[in-house]
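The chain contents come next:
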Amino acid sequence: MKKIIAAVVSVCIFLVAIVQSFAGEADKKQSLLLYSRSNSHSSNNHGGMSNMAGIPPFITMEMLEAAIQTQEEYGYPASVCIAQAICESGFGRYGPGGENGQGLSGLAYNYKNLFGIKGTGPAGSAYLQTQEQLPNGTFITIQQPFRAYHSYTECIYDRAELLKNVYSDLIEGTTTADEFALAIAGRWATAHVYGNTLLTLMRNYDLYRLDSMTIEDLHNSGSSEMTDSDIHDWFSD
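In this text the structure is predicted, and so the values were computed from the model without any measurement.

1. Brief notes about the overall build of the chain
Within the chain, the regular secondary structure consists of ten helices and six strands. Looking at the chain as a whole, 51% of its 237 residues qualify as buried. Considering only contacts in the chain between residues 6 or more positions apart, those separated by 24 or more positions represent 67%. Summed over all atoms, the accessible surface of the chain reaches about 10600 Å², with 49% contributed by carbon and sulfur.

2. Some points on the packing of aromatic side chains
Per the stated rule, a full pass over the model turns up six aromatic pairs. Here Y74 and Y76 contribute two aromatic rings whose centre-to-centre distance is 5.7 Å and whose plane-to-plane angle is 25 degrees, an arrangement assigned as stacked. Taking relative accessible area as the criterion, Y74 reaches 23% and is therefore assigned partly exposed. Centroid distance Y167 to W188: 5.5 Å. Interplanar angle 40 degrees. Geometry classified as tilted. With a gap of 21 residues between them, Y167 in the loop between α5 (152-166) and α6 (168-171) and W188 in helix α7 (residues 177-188) connect regions that are remote in the sequence. Comparing Y167 with W188, the two get one shared label, buried.

3. So, the pairing of strand β5 (residues 125-133)
Alignment of β5 against strand β6 (residues 139-147), held across nine bridges, turns out to be antiparallel. Within β6, the position partnered with A126 by the bridge is F146. Linking β5 back to β6 in an antiparallel pair, the connection comprises five residues, with G137 at a positive phi of about 100 degrees.

4. Digging into α5
In an α-helix there are 3.6 residues to a turn, and that puts residues three or four apart on one side. With 15 residues, α5 ought to run about 21 Å at 1.5 Å a step, and its terminal C-alpha atoms sit 21 Å apart, in line with that. Among all positions of α5, only Y152, C155, I156, D158, R159, A160, L162 and L163 are buried.

5. What to know about unusual backbone geometry
Backbone phi values are negative for most residues with the exception of glycine, while trans is the configuration of most peptide bonds. Positive phi is not limited to glycine here, since F91 has a value of about 60 degrees. On the secondary structure map, F91 appears in strand β3 (residues 90-92). F91 sits in the buried class, given a relative accessible area of 0%. Despite not being glycine, K112 shows a phi value in the positive range, around 60 degrees. Relative to the assigned elements, K112 resides in the loop between α4 (106-111) and β5.

6. A few points about a negative patch on the surface
There is a patch of like negative charges on the surface, built from E72, E73, E216 and D217. Breaking the negative patch down by element, the ones donating at least two residues are α2 (61-74) and α9 (215-220). The exposure class assigned to E72 is partly exposed, which follows from its relative accessible area of 44%.

7. Some words on the packing of helix α3 (residues 78-89) against α7
The description of two packed helices rests on the angle between their axes and on the distance between the axes. Interhelical geometry of α3 versus α7 gives an angle of 45 degrees and a closest axis separation of 10 Å. Judged by the angle between their axes, α3 and α7 are oblique. Crossing hand, α3 versus α7: right-handed. Of the residues in α7, those in contact with S79, V80, Q84 and E88 of α3 are A177, F180, A181, I184 and W188. Classifying every residue of the contact of α3 with α7 gives six nonpolar, two polar and one charged.

8. Regarding the packing of α2 against α3
Direction vectors running N to C along α2 and α3 enclose 140 degrees, while the axes themselves pass 8 Å from each other. For the element pair α2 / α3, the angle class is oblique. Here α2 and α3 pass one another in a crossing that is right-handed. Counted together, M63, L64, A67, I68 and Q71 of α2 and A78, C81 and I82 of α3 form the full contact between these two elements. Here the residues of the contact of α2 with α3 sort into seven nonpolar, one polar and no charged.

9. Some thoughts on the pattern of salt bridges
Taken as a whole, this structure holds six salt bridges when the rule is applied. Salt-bridge contacts for E161 lead to K164; the nearest nitrogen and oxygen are separated by 3.3 Å. Of this pair, E161 and K164 both sit in helix α5, three residues apart, which is roughly one turn of the helix. Between R209 and D206 there is a salt bridge; the shortest N-O distance is 3.7 Å. Overall, the relative accessible area of 31% leaves D206 in the partly exposed class.

Calculation notes
Residues numbered from 1 in each chain as written. Predicted model: local features only at pLDDT ≥ 70, side-chain atom pairs only at ≥ 80, totals over all residues. Heavy atoms only, no water. Helix = DSSP H or I, 4+ residues; strand = E, 2+ residues; numbered from the N terminus. Buried < 20%, exposed > 50% of the residue type's maximum accessible area, 1.4 Å probe, protein only. Contact = heavy atoms within 4.5 Å. Areas by Shrake-Rupley, 256 points an atom, 1.4 Å probe, with all protein chains shown as cover. Phe/Tyr/Trp six-rings, centres within 6.5 Å; stacked < 30°, edge-to-face > 60°. Pairing = 2+ DSSP bridges. Expected span 1.5 Å × (residues − 1). Patch = residues over 30% accessible without salt bridge, like charges linked within 9 Å, V, L, I, M, F, W, Y side chains within 5 Å. Salt bridge = Lys/Arg side-chain N within 4 Å of Asp/Glu carboxyl O. Lys, Arg positive; Asp, Glu negative; His and termini not counted. Charge placed at Lys NZ, Arg CZ, Asp CG, Glu CD. Axes fitted to C-alpha atoms, helices over the stretch in contact; angles between N-to-C directions. Parallel < 35°, antiparallel > 145°, perpendicular 65-115°, else oblique. Left-handed = near helix turned anticlockwise from the far one by under 90°. Nonpolar A, V, L, I, M, F, W, Y, C, P; charged D, E, K, R; others polar.

Written as structure tokens, this is what we have:
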């Protein structure tokens, strides 16, 4: 399982934009995505500890709550939301766990943008370099504005609004989380393997369990009382 997850992480690193941030100090460069490693265990290894056992440590309670809240309000699978957050922003060097490659990307940590959403957000924009894959498979590096947010909850709700306003034609008629992920993949990211990467993450981390949960279920599971440090400890066993 470790080899499988390590392979998935490598694909995610390949997919996420390689950017340089100059926020905070004009001359201070912050790499938003470096080569990193994952030594995560599967959810099965911690089944008795919590319904959320096995979720990567950089996925916070705020993120889980917002994913389930938007699932209840918009009908979009929480599993896909968290899979995108893992793929786009996980295994970085920023924030708690960053020294071990178990943190967030700079875009996610500094600007609360979990999904690489471009444009101007409620907290403005961050102009960063990003790699995009062309239809012929080659990559180009360009500079684009990425939305900045005040919180992860705000970002996750903005993602839901974006899906409603821009992706409704693609997700109409989808009946499973897998169908939903594959439907939005081609428009969401230029990387050709993005959709299949989301499915792999959803399976390896058993994210499908989120799709049948309510906020009350999440709170009753005891997850709301856990700290991000608690989650990190599961991966250090």
